[in-house]
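Listed below are the residues making up each chain.
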Amino acid sequence: SIFNRKRFQIIGNPSRKFPDLWERVLVEAGARVVKDRLVKGSNEEGKEPPEFVLVDEEPNLTLVSIATREKIRIVTTHWVEDCIVQRKIVAYDLDLHGYTPVEKPDE
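Read from one edge of the open sheet, 4 strands run β2-β1-β3-β4, paired in parallel fashion. Of all strands in the sheet, those with a lone pairing partner are β2 (32–33) and β4 (73–75), marking the two edges. Two strands pair when backbone bridges link them, and strand β1 (residues 7–11) and strand β3 (residues 52–55) are joined in this way by 4 bridges, in the parallel orientation. Bridge pairing in β3 links I11 to V55. Contacts between helix α1 (residues 18–28) and the sheet are confined to β1, β2 and β3, with β1 contributing the most and set at about 160° to the helix. The sheet contacts of helix α3 (residues 61–70) involve β1, β3 and β4, and relative to β4 the element is tilted by about 135°.

Following this line, the structure appears as structure tokens:
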């Protein structure tokens with residue numbers, strides 16, 4: 001699978017069906033979609049934070065701050081699409097994928 005059970009949290013406008021649509025896409029590509037992990041934090045027993053946050057618009061400063069602190073990469077749908085097309089997790093290219101990504105977590 002492309003995402004090999006990596007954890008994603010989806011943050012987007014529910015009225016536009018963004019979370020529902022992209023949850024299906026991510027799961028089909030092998031990801032695990034987690035909910036409310038950023039809000040509750042990674043210290044809650046048995047709940048690891050997401051490794052990626054998929055957003056549908058420019059992330060706000062609070063999200064960027066949390067993601068930076070937790071070493072979570074903020075990604076766009078363009079990045080997810082590129083990963084699916086290339087059948088692997090690709091490097092994040094700001095010019096190609098948009099938004100300012102958080103530094104990649106140590107792997």
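So much for the structure itself; the text now carries on.
The side-chain alternation of β3 yields two buried faces, one formed by F52 and L54 and the other by V53 and V55. With 3 bridges connecting them, β3 and β4 associate as parallel partners. Its bridge partner lying in β4, F52 is registered against R73. Handedness of the β3-α3-β4 crossover: right-handed.

Calculation criteria
Residues numbered from 1 in each chain as written. Predicted model: local features only at pLDDT ≥ 70, side-chain atom pairs only at ≥ 80, totals over all residues. Heavy atoms only, no water. Pairing = 2+ DSSP bridges. Helix = DSSP H or I, 4+ residues; strand = E, 2+ residues; numbered from the N terminus. Contact = heavy atoms within 4.5 Å. Axes fitted to C-alpha atoms, helices over the stretch in contact; angles between N-to-C directions. Buried < 20%, exposed > 50% of the residue type's maximum accessible area, 1.4 Å probe, protein only. Right-handed = clockwise from strand over helix to strand, strands pointing away.

Fair warning: the whole summary comes from geometry, so function is off the table for now.
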